[in-house]
Structure formats: structure tokens, C-alpha cells
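A closer look at the structure
What follows is each chain in one-letter form.
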Amino acid sequence: MPWRHLLLGLVVVAVWGSNFVVIKAALAHLPPLFLAFLRFALAFAPALVIVRPPVPWSQLAAYGVLIGAGQFGLLFLAMTSHISPGLASLVIQTQVFFTIGLAAWLAGERVRRVQGLGLGFAAAGLALIAWQGDASATPLGLALVLAAAASWAGGNLVGRRAGRVDMLGYMVWSSAFALPPLLALSLVFEGPAAIVEGVRGADGATWLAVLWQALGNTLFGYAAWGWLLARHAAATVAPLALGVPVFGMAASAWWLGEALPAWKLVAAALVMLGLALNLLWPRVEAVLRGGSR
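Residues numbered from 1 in each chain as written. Predicted model: local features only at pLDDT ≥ 70, side-chain atom pairs only at ≥ 80, totals over all residues. Heavy atoms only, no water.

1. What about the environment of Leu6?
Going by this rule: Numbered from the N terminus, helices here are DSSP runs of H or I no shorter than four residues, and strands are runs of E no shorter than two. We call two residues in contact whenever any of their non-hydrogen atoms come within 4.5 Å of each other.
Counting through the fold element by element, Leu6 comes out in helix H1 (residues 3-26). Along the sequence, Leu6 and Leu228 sit 222 residues apart, while their C-alpha atoms lie 9.0 Å from each other. Residues contacting Leu6, with those up to four places away along its chain left out, are Met1 and Leu240.

Here is the structure:
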């Protein structure tokens, strides 16, 4: 990978990791489901000038609902008061294991032993987080983020069917389908009064956080990541995602003063080890096979 492409990948990872702190700032005023609605409403705005990619409407709808209402709706709910930004950035990466499991179930892909080993390490890390049970992560918060990770995995499988298309256009047009369920859920469970109160109480920093959700995290992040995947092997690009929890936990500790006790670092190490085994092992295995010839 050329150094400029590597730098782009690291910028995306930094944006995605530090974004958990930005989410927390926006949630200080806005209800979580309505915040998700605003995020994807702004992400859909460029549809006026961006052509829809040549994929079926049903695929855009499935991706929009899974990523918009599923992944981010549930994640924002969890981050209101049930899990810290740093731990959320770590737990959401279990989407790797959900993606593998769904691919094995729906597409018949074979699960390797090393993937099972990696899942075991990650599960041990999650068990440690659940066992601690302090304000950093409640059982409900952990369950919500795991559900968000599963929804992200479903979106991964849907998005894979699109092939090499314009990912910016894909994100813009799929965002339209996240809007109806998010708005409906917000009106039912949060209520018009909470929405109005949140909008009235939002300051300039809140609206900048909302704008960053749409432009920085969604449109730039996903489009740039898709651009890299279209030009390099997944085994080259995917390991960069290991940096998301690093940036997430560091940003949360720096800006929000989130404590990093020993148990949290051990849990993070276990989850990261599990992720690393799944993301890096194919490359290691290829090198070993090449050396044995």
C-alpha cells in the first residue's frame, strides 16, 4: 500500500475512533434516536447532486436500515448513560465476529479454528467488562452495543453484494432509508417534547457534532474506506480497523477523563487480540504457505 493510501486509512481510523467522544457531546442535548435521524438526514442531503449507484433499491433500503437504525440507533441509545465512549469503541468492533458468523450461516463460508480462538479471547474480554459492572458499562449498555455490532455485520454482508460501486453515492442514497424508522422510533419512544427541548437546548458545539457525524464520520469515513477496499486486498485494509478502539479509548481518556484501570486495559487487550487473530491471520498464513514452497 502506498504511503499516501496508508495515511488516508489512518485518518479514517482516527476519525472513527475519536468520533465516539463527539457522539457523547451531541448526546448531552439531543435524544439519541433523533440524533441518529439528524445524522442520516444530513448525510442524505448531497443526493441532490450525487447520482444513485447502479444497485437495487432493496439493497440500499436494507443497508440504510441496518446501518442507520440498527447500528447507530442502538449505539447512540447505549451511549446516553449505559456505556462509556472508550468501551463503546472497543465493543462495537465485535462486528468482525458477527460478520464471520453471519457469512458462515447465510453464505456457507467456513469458520477456521483460529477464528474460533479469536472469538474466545474477545468473549473473555467482554465477560470481564460485564463482570466489572461499574458505570463504564452496564449489562444493558453492553447488550445494546453488541446488538449494534450485529446490525453492522448485517450491513457488511449487504454492502458486499454491491461490488465496486461509488461508495459515496451508496452511503448518501442508503441514508434515505434510515430516516423513516429513526424518526418513527424517536417520536414513539422519546416523544415530540424531548425532541423540541433537545433542539432548543442545543448549542453551536452540538450542531457541529451533528454535522461531523454526517460529513466526517459517515460520508468521508465510509467513502474513503470503500475507496481503499476497491484498490487493495481486504487483508491489507481491514487490519487498520484495529486502530479504532485505540483512538477511541485514548480520545475518551484525554477529552472526557475516562479512567483506564487495569481491568479495562486487560479487557481491551483480550478483545484486540481476538480481533487481531481474525484480521491478521490470513496474511500470516499466506506468508507461511509461501515460505514452505
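2. Considerations on the packing of aromatic side chains
Worth spelling out the cut-off: Note on aromatic contacts: the rings of Phe and Tyr and the six-membered ring of Trp form a pair at centre separations within 6.5 Å, being stacked when their planes are under 30 degrees apart, edge-to-face when over 60 apart, and tilted otherwise. Partly exposed residues are those whose accessible area sits between 20% and 50% of the maximum for their type, while under 20% is buried and over 50% is exposed, using a 1.4 Å probe and protein chains only.
Tallying each qualifying case throughout the model produces 10 aromatic pairs. For the ring pair Trp16 and Tyr222, a centre distance of 5.2 Å and an interplane angle of 50 degrees mean the geometry is tilted. Here Tyr222 lies in helix H10 (residues 204-229) and Trp16 lies in helix H1, a separation of 206 residues in the sequence. The burial state of Trp16 is the same as that of Tyr222; both residues are buried. When the centroid spacing of 5.2 Å and the interplanar angle of 50 degrees are considered together, the rings of Trp16 and Trp225 count as tilted. Of this pair, Trp16 sits in helix H1 while Trp225 sits in helix H10, and the two are 209 residues apart along the sequence. According to the relative accessible area criterion, Trp225 is buried, its value standing at 13%.

3. Thoughts on the nonpolar core
Applicable threshold: We call a set of buried Ala, Val, Leu, Ile, Met, Phe, Trp, Tyr and Cys residues a nonpolar core when their side-chain atoms join them within 4.5 Å.
Counting 84 residues, the largest nonpolar core has Leu75, Ile83, Ile129 and Tyr170 as the members making the most contacts within it. A total of 9 residues in this core trace back to one element, the largest contributor, which is helix H3 (residues 57-81). Among all residues touching Ile129, those that are not within four sequence positions of it are Leu87, Leu90, Val91, Ala137, Leu142, Trp263 and Ala267.

4. Overview of the packing of helix H2 (residues 32-44) against H10
For the record, the criterion: Only the contacting stretch of a helix is used when fitting its axis, a line to C-alpha atoms as for every element, and angles between N-to-C directions run 0 to 180 degrees. We call two directions roughly parallel when the angle between them is under 35 degrees, roughly antiparallel when it is over 145, roughly perpendicular when it lies between 65 and 115, and oblique otherwise. Each crossing is labelled by how the near helix is turned from the far one, with a counterclockwise turn of less than a right angle marking it left-handed and a clockwise turn marking it right-handed. Polarity classes work like this: nonpolar for Ala, Val, Leu, Ile, Met, Phe, Trp, Tyr, Cys and Pro, charged for Asp, Glu, Lys and Arg, and polar for all others, with Gly in that last group.
Where H2 meets H10, the closest approach of the two axes is 9 Å, and the angle between their N-to-C directions is 55 degrees. When the interaxial angle is binned, H2 and H10 end up oblique. In this structure, H2 meets H10 at a crossing whose hand is right-handed. Together, Leu35, Leu38, Arg39, Phe40, Leu42 and Ala43 of H2 and Trp207, Val210, Leu211, Gln213, Ala214, Asn217, Thr218 and Leu219 of H10 make up the contact between the two elements. Class assignment for the residues of the contact of H2 with H10 results in 10 nonpolar, 3 polar and 1 charged.

5. Digging into the pattern of salt bridges
Formally: Criterion for a salt bridge: a side-chain nitrogen of Lys or Arg within 4 Å of a carboxyl oxygen of Asp or Glu.
Under the definition given, this model contains 1 salt bridge. The partner of Lys264 in a salt bridge is Glu258, with the nearest N and O atoms 3.1 Å apart. Both residues of the pair, Lys264 and Glu258, belong to the buried class.

6. Examining helix H12 (residues 243-255)
Note the cut-off: A helix is expected to span 1.5 Å multiplied by its residue count minus one.
Compared with an ideal rise of 1.5 Å per residue, which puts 13 residues at 18 Å, H12 spans 18 Å between its outermost C-alpha atoms and is within 8% of the ideal. Among the residues making up H12, those that are buried are Gly243, Val244, Pro245, Gly248, Met249, Ala251 and Ser252. Positioned one or two residues after H12, Gly257 has a phi angle of 70 degrees, which is positive.

7. A few points about the packing of helix H8 (residues 167-175) against H10
Between H8 and H10, whose axes approach to 8 Å, the crossing angle comes to 140 degrees. One way to sum up the angle between H8 and H10 is to call them oblique. H10 is crossed by H8, and the crossing has right-handed handedness. Between H8 and H10, the residues in contact are Met167, Leu168, Met171 and Val172 and Thr218, Leu219, Tyr222, Ala223 and Gly226, respectively. In the contact of H8 with H10, the residues fall into 7 nonpolar, 2 polar and no charged.

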